[in-house]
Amino acid sequence: MTVSAGAPEPAAMEDTRPAALTFDKVSMRFPDGTQAIGEVSLTIRQGEFVSIVGPSGCGKSTLLKIASGLFPQTTGTVTVDRSHLGYTFQDATLLPWRKVLGNVELLMELRGYPKEERRRIALEQISLVGLDGFANHYPKRLSGGMRMRASLARSLSLNPTVFMFDEPFGALDEITRERLNDELLSLYMRKGFTGLFITHSISEAVYLSSKVIVMSRRPGTILNVYDIPFGFPRSPELRYDPVFTELCGEISVSLREATEGGA
Ligand SMILES: Nc1ncnc2c1ncn2[C@@H]1O[C@H](COP(=O)(O)OP(=O)(O)OP(=O)(O)O)[C@@H](O)[C@H]1O
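Residues numbered from 1 in each chain as written. Predicted model: local features only at pLDDT ≥ 70, side-chain atom pairs only at ≥ 80, totals over all residues.

- If you look the protein chain up in an unreviewed UniProt entry, it shows as NitT/TauT family transport system ATP-binding protein from Aquamicrobium aerolatum DSM 21857.
- The UniProt entry for the protein chain carries the following comment under Sequence similarities (unreviewed entry): "Belongs to the ABC transporter superfamily." (UniProt positions renumbered as here; feature names shortened; annotations may be inferred.)

What follows is the structure, encoded as structure tokens:
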């Protein structure tokens, strides 16, 4: 099940889907001299859901920011269609003075969508993420999970083909997090986007993904790639499957090695 970075993938795992996001020898050194990313080469194919785990500060968020164009990489090339990119952060980043509807309309407003169209699309997304009845609530009246749903709805409004998530559920309690994992998977299946997800939770990574990547400590490189052998849809009972548990254990060992810098 484990494929080391750089090793040829087994024939059975060969994936011929077109690439949705490619990092080719990407490295990142900040102006203050911090080498955040060593050299990363990675191809994420259309329809894949890839999670990245790695030690704190190893460059996971930096990688996403490079992909989205927020940071320019120091070396290498990123290939992705940025006109249809979704991005969700750990903080729901809602504007407190706008109601849910106004927040979900925001990105469309910035892109000049006509008022009626953005209202229609916003209400559709609000319904899709299970926030029917909350369109006219201000963020402060929502729970953490509801705020994150509103944030997801805002990103979904632009119909992203590549959707990046920077630890979106890290601040939520476990039950809410697991529920949102299922909701995210159902959105993934309905919308058919390509997912790139950062998390510190190994079980969340395995549950959501078709592939899990373990990064080394800073400067981050790809240490291991794990193909996840479960199809979609997934049910919560999967978390108790012995193969699931075994995979989580394997990834945990790899992550510990990454954190400690060696076995
Ligand atoms: N603008 C910046 N200037 C200088 N260094 C930065 C900047 N942004 C991030 N860094 C550094 O780059 C490294 C990678 O940061 P990054 O946020 O990508 O890590 P991460 O893996 O996402 O961490 P965490 O898991 O804790 O969220 C860290 O050492 C961080 O301090």
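### Points about helix α1 (residues 60-68)
Now for step 1: Listed in full, the buried residues belonging to α1 are Lys60, Thr62, Leu63, Leu64, Ile66 and Ala67.
Now for step 2: Phi turns positive, to about 90 degrees, at Gly69, one or two residues after α1. (Buried ≥ 20, exposed ≤ 12 C-beta atoms within 10 Å, placed from the backbone. Helix = DSSP H or I, 4+ residues; strand = E, 2+ residues; numbered from the N terminus.)

### Describing the pairing of strand β9 (residues 211-215)
Now for step 1: The buried fraction of β9 is high, at five of five residues.
Now for step 2: Alternating residues of β9 divide into Lys211, Ile213 and Met215 and Val212 and Val214, and every residue in both groups is buried.
Now for step 3: Pairing analysis gives four bridges linking strand β4 (residues 49-53) to β9, with the strands arranged parallel. Bridge assignment links Ile52 to a residue of β9, and that residue is Ile213.
Now for step 4: Note that β9 and strand β10 (residues 222-227) share five bridges and pair antiparallel. (Pairing = 2+ DSSP bridges.)

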